[in-house]
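Commentary on secondary and tertiary structure
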Amino acid sequence: MLDRLKKLMPERERLQQNRWLRWLRPWLGHPRLWHLSRKGVALGMAIGVFFGLLIPVAQIPASAVVSVLLRAHLPAAAASTLVTNPVTFAPVYYAAYELGRVILREEAATEDELARIVERKTQDHAQAGELTLTQQIQQGWRRLGEIGKPLILGLSILAVTLGLAVYFGVSAIWTLRVRLARRQRLRKMRNPD
């Protein structure tokens with residue numbers, strides 16, 4: 001499994017030679033960003049899950065910057081942002097909204113309110129080609145205002161909780177695998193047959 005993971009990881013030298021990333025060479029050259037260690041991989045994955053859940057755009061750059069600052073495993077951070085992808089995006093955001101709504105004790109939207117929201121969004125999509133960038137941004141803020149507080153609270157709780165769970169889960173699994181491998185080596189040493 002580690003061999004497959006190593007093959008999928010971008011090579012440090014290739015990234016440092018990339019003309020777009022050349023200016024990052026002093027920071028990308030740190031060995032802890034690329035070394036497979038329990039703490040580095042666990043922290044990298046936790047950072048990736050945190051940013052993958054918390055923000056809908058620029059997840060990989062945000063997790064990469066924090067990984068460099070905290071000296072976490074950079075490829076693990078970048079890859080684990082994919083916890084939210086086109087398949088998981090809707091269920092994750094719906095669960096976050098519902099979690100935030102329950103915590104804030106807000107009433108669930110009625111069918112009439114949902115129908116109005118869907119109708120408004122349909123109209124917004126029809127007008128999207130005619131709107132300027134500023135108008136589209138204002139429209140996005142208005143949509144966020146409709147569901148904003150519960151969604152932001154739910155995403156924050158999910159990001160922190162799942163980030164911590166991933167960190168401790170990866171650390172525990174890594175430790176367990178090391179102990180099992182050590183036991184197997186000791187058994188082979190005692191019984192060379």
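Residues numbered from 1 in each chain as written. Predicted model: local features only at pLDDT ≥ 70, side-chain atom pairs only at ≥ 80, totals over all residues. Heavy atoms only, no water.

1. A word on the overall build of the protein chain
The criterion, for reference: Labels follow the DSSP assignment, with helices taken as runs of H or I lasting at least four residues and strands as runs of E lasting at least two, numbered in each case from the N terminus. Residue contacts are defined here by distance: any two heavy atoms, one from each residue, within 4.5 Å place the two residues in contact. For every accessible area listed, the method is Shrake-Rupley and the probe measures 1.4 Å; residues are considered covered only by the protein chains on display.
Tallying secondary structure elements over the protein chain gives nine helices and zero strands in all. N-terminal to C-terminal, the α/β element order of the protein chain is α-α-α-α-α-α-α-α-α. Contacts in the protein chain between residues far apart in sequence, at least 24 positions, make up 71% of those at least 6 positions apart. For the protein chain, the computed accessible surface area is about 13900 Å², with 63% contributed by carbon and sulfur atoms.

2. Comments concerning the confidence of the model for the protein chain
Note the threshold: Residue-level confidence of the predictor is what pLDDT reports, using numbers from 0 through 100.
Taken as a whole, the protein chain shows an average pLDDT of 80; of its residues, 68% reach a score of 70 or greater. No element of the protein chain has a lower mean pLDDT than helix 1 (residues 2–8), which averages 62, and none a higher one than helix 4 (residues 38–54), which averages 92.

3. Things to note about unusual backbone geometry
Keep this limit in mind: Here's how the labels work: a residue is buried when its accessible area is under 20% of the maximum for its type, exposed when over 50%, partly exposed in between, all with a 1.4 Å probe on protein chains only.
Located in the positive-phi region is Arg71, a residue other than glycine, with phi close to 60°. Mapped onto the fold, Arg71 is located in the loop between helix 5 (59–70) and helix 6 (74–80). We classify Arg71 as partly exposed; its relative accessible area is 29%.

4. Notes on helix 5
Selection rule: Between the first and last residue of a helix there are one fewer steps than residues, each counted as 1.5 Å, and that sum is the expected span.
End to end, helix 5 covers 16 Å across 12 residues, agreeing with the expected 16 Å (1.5 Å per residue, within 8%). Listed as buried for helix 5 are Gln59, Ala62, Ser63, Ser67 and Val68. Positive phi appears at Arg71, one or two residues downstream of helix 5, with a value of about 60°.

5. Notes on helix 4
Between the first and last C-alpha of helix 4 there are 24 Å, a value that for 17 residues agrees with the 24 Å anticipated at 1.5 Å per step. Within the span of helix 4, buried status applies to Gly40, Val41, Ala42, Gly44, Ala46, Ile47, Gly48, Val49, Phe51, Gly52 and Leu53.

6. So, the packing of aromatic side chains
The description of an aromatic ring pair uses the distance of the two centres, along with the angle that the planes make with each other. Applied cut-off: The pairing test for Phe, Tyr and Trp rings, Trp by its six-membered ring, is centres within 6.5 Å, and the orientation test on the planes gives stacked under 30 degrees, edge-to-face over 60, and tilted for anything in between.
What the rule picks out here adds up to three aromatic pairs. Taking the centre distance of 5.1 Å and the plane angle of 85° together, the rings of Phe50 and Phe51 count as edge-to-face. Plain terms: the ring middles of Phe89 and Tyr93 are 4.2 Å apart, the flat faces sit at 25° to each other, and that makes the pair stacked. Of the two residues, Phe89 and Tyr93 are both situated in helix 7 (residues 89–104); the distance of four residues between them amounts to about one turn of the helix. Looking at Phe89, the relative accessible area reads 37%, which means it is partly exposed.

7. A look at a positive patch on the surface
Where we set the bar: The patches reported here contain residues having more than 30% relative accessible area and no salt bridge. Joining distances are 9 Å for like charges and 5 Å for nonpolar side chains (Val, Leu, Ile, Met, Phe, Trp, Tyr). Here a salt bridge means any side-chain nitrogen of Lys or Arg lying within 4 Å of a carboxyl oxygen belonging to Asp or Glu. The charge count treats Lys and Arg as positive and Asp and Glu as negative. His and the chain ends do not count. By convention, the point assigned to a charge is CZ for Arg, NZ for Lys, CD for Glu and CG for Asp.
Where like charges cluster on the molecular surface, the positive patch consists of Arg179, Arg182, Arg183, Arg185, Arg187 and Arg190. Take Arg190: it is sitting in helix 9 (residues 133–190).

8. Let's talk about the pattern of salt bridges
All told, the structure shown has one salt bridge when counted by the stated rule. Here Arg101 ties to Glu98 by a salt bridge, and the two come within 2.8 Å at their closest N and O atoms. With Arg101 and Glu98 both in helix 7 and three residues apart, the pair spans about one turn of that helix.

9. Points about the side chain of Gln59
If you trace the backbone, Gln59 turns up in helix 5. Assessed through its relative accessible area of 13%, Gln59 is described here as buried. Apart from the residues lying within four places of it in its own chain, the contact partners of Gln59 are Phe51, Gly52, Thr81 and Thr84.

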